[in-house]
Amino acid sequence: MTKSVLPLALAVGMFSAQNTSAAVPTLAKTFDTNVTTVGMTSSQEAKIQAAERKIRAVIGSEEFRTRVLNHTYNGRKQFLSPNGLTNAQIYQKILEGAEKLSPAKNNAMDITVKLYYQNSSTVGYTTTTSKVINMNTKFFNKYTSSQVAHNMMHEWMHKLGFGHTSYYTSSRIYSVPYALGKIMNELAPKY
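Criteria and thresholds
Residues numbered from 1 in each chain as written. Predicted model: local features only at pLDDT ≥ 70, side-chain atom pairs only at ≥ 80, totals over all residues. Heavy atoms only, no water. Helix = DSSP H or I, 4+ residues; strand = E, 2+ residues; numbered from the N terminus. Expected span 1.5 Å × (residues − 1). Buried < 20%, exposed > 50% of the residue type's maximum accessible area, 1.4 Å probe, protein only. Contact = heavy atoms within 4.5 Å. 1 Å grid on protein atoms, 1.4 Å probe; cavity = no way out; pocket = protein on both sides within 12 Å on 5 of 7 lines; lining within 4 Å. Points joined across faces, edges and corners; volume = space filled by probe spheres on them. Nonpolar A, V, L, I, M, F, W, Y, C, P; charged D, E, K, R; others polar. Axes fitted to C-alpha atoms, helices over the stretch in contact; angles between N-to-C directions. Parallel < 35°, antiparallel > 145°, perpendicular 65-115°, else oblique. Left-handed = near helix turned anticlockwise from the far one by under 90°. Pairing = 2+ DSSP bridges. Salt bridge = Lys/Arg side-chain N within 4 Å of Asp/Glu carboxyl O.

Colleague: Is there a simple way to explain helix α8 (residues 176-187) in this structure?
Modeller: An α-helical turn contains 3.6 residues, so a residue and the one three or four places further along point in the same direction. For α8, spanning twelve residues, the distance from its first C-alpha to its last is 16 Å, which sits close to the expected 16 Å at 1.5 Å a residue. Residues of α8 that are buried: Val176, Pro177, Ala179, Leu180, Gly181, Ile183, Met184 and Leu187. Lining the buried residues of α8 we find α3 (42-59), α4 (62-69), α5 (87-96) and α7 (145-159).

Colleague: What should I look at first to understand empty space enclosed by the protein in this one?
Modeller: Space left empty within the atom packing is revealed by a probe, the size of a water molecule, rolled over the atoms. In the structure shown here, the tally under the stated rule is one cavity of 30 Å³ or more. By volume, the largest cavity is sized at about 40 Å³. The wall of the largest cavity is formed by Glu99, Leu101, Ser102, Asp110, Ile111, Lys131 and Lys159. Partitioned by chemical class, the residues of the lining of the largest cavity number two nonpolar, one polar and four charged.

Colleague: Just checking my understanding: could you explain the packing of α4 against α8 for this structure?
Modeller: How two helices sit against one another is set out by the angle between their axes and by the gap between those axes. α8 packs onto α4 with a crossing angle of 150° between their chain directions and a minimal axis gap of 11 Å. By the angle class used here, α4 and α8 are roughly antiparallel. Helix-helix and strand crossings are classified by hand; for α4 and α8 the assignment is right-handed. Between α4 and α8, the residues in contact are Glu63, Phe64, Arg67 and Val68 and Leu180, Ile183, Glu186 and Leu187, respectively.

Colleague: Sorry, what's going on with the sheet that holds strand β5 (residues 124-126) here?
Modeller: Hydrogen bonds between backbone atoms are what pair the strands of a sheet, whose relative direction is either parallel or antiparallel. Pairing is mixed across the open sheet formed by four strands, whose spatial order is β1-β4-β6-β5. Both edges of this open sheet fall to β1 (32-38) and β5, since each of them pairs with a single strand only. Across the sheet, the mean angle from the axis of one strand to that of its neighbour is 30°, orientation sign disregarded. When strand β4 (residues 108-116) meets strand β6 (residues 132-136), the two strands line up parallel, connected through five bridges. Bridged to Leu115 within β6 is Met135.

Colleague: What is the right way to read the pairing of β4 from this model?
Modeller: For a regular strand, the rule is simple: side chains alternate between the two faces of the sheet. Of all the nine residues making up β4, seven are buried; the element is thus mostly covered by neighbouring parts of the structure. With seven bridges connecting them, β1 and β4 associate as parallel partners. When the sheet's bridge partners are listed, Val35 is paired in β4 with Ile111.

Colleague: Can you help me understand the pattern of salt bridges in this one?
Modeller: It is possible for side chains bearing opposite charge to pair when their charged atoms get close. All chains considered together, the criterion is met by five salt bridges. For Glu63, the salt bridge is made with Lys190, and the minimal N-O distance between the two is 2.9 Å. In this pair, Glu63 sits in helix α4 while Lys190 sits in the segment after α8, placing the two residues 127 residues apart along the sequence. With a relative accessible area of 32%, Glu63 lands in the partly exposed category. The salt bridge involving Lys182 is made with Glu186; its shortest N-O contact spans 3.5 Å. You can see Lys182 and its partner Glu186 sitting in helix α8, four residues apart, about one turn around the helix.

Colleague: Sorry, what's going on with the layout of surface pockets here?
Modeller: Within this model, the largest pocket holds a volume of roughly 450 Å³. Forming the boundary of the largest pocket are 18 residues, of which Val123, Gly124, His154, Glu155 and Tyr178 lie nearest the centre. For the lining of the largest pocket, the secondary structure elements donating two or more residues are β5, α7 and α8. Top element by residues in the lining of the largest pocket is α7. It accounts for six residues.

Quick look at the structure:
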């Protein structure tokens, strides 16, 4: 009987690939986006659809999982204003997709995107009483789909119940909406 022996480099590569895919939960791989648009041109809708593809790809990646789980604030693995949740619980909350106004865990980002124009520095906003995310065309029209994905992720974090100060502070970037938006912005161009 002959024993089959794989070269060490091949065996290590197979093990690494298996570990990486096993680390990403099924909910990440199956994450979906249910985005409704209001009053957009076909090119604006195409940009939203491209952003949705990027969001699904990023959330389904090992790199996203790692970045969320290892996010640090004040030298600890945590976010600013995490509503008492650990990084792992925040990651799980994202994968479950249970928005405050639609609390069913459906493994999806459920939002309506509406465009508006305002000559201000506000990229977008949402309120706690509406499923709508408002995006300022002053920025939206010149943004890439990766930048739109960044803004959608930030605003969706509000829909999941996370907040931040309404005024600038040096620590605000560590809040869940800002930190997750930043992670999306950095990873989305890869997809």
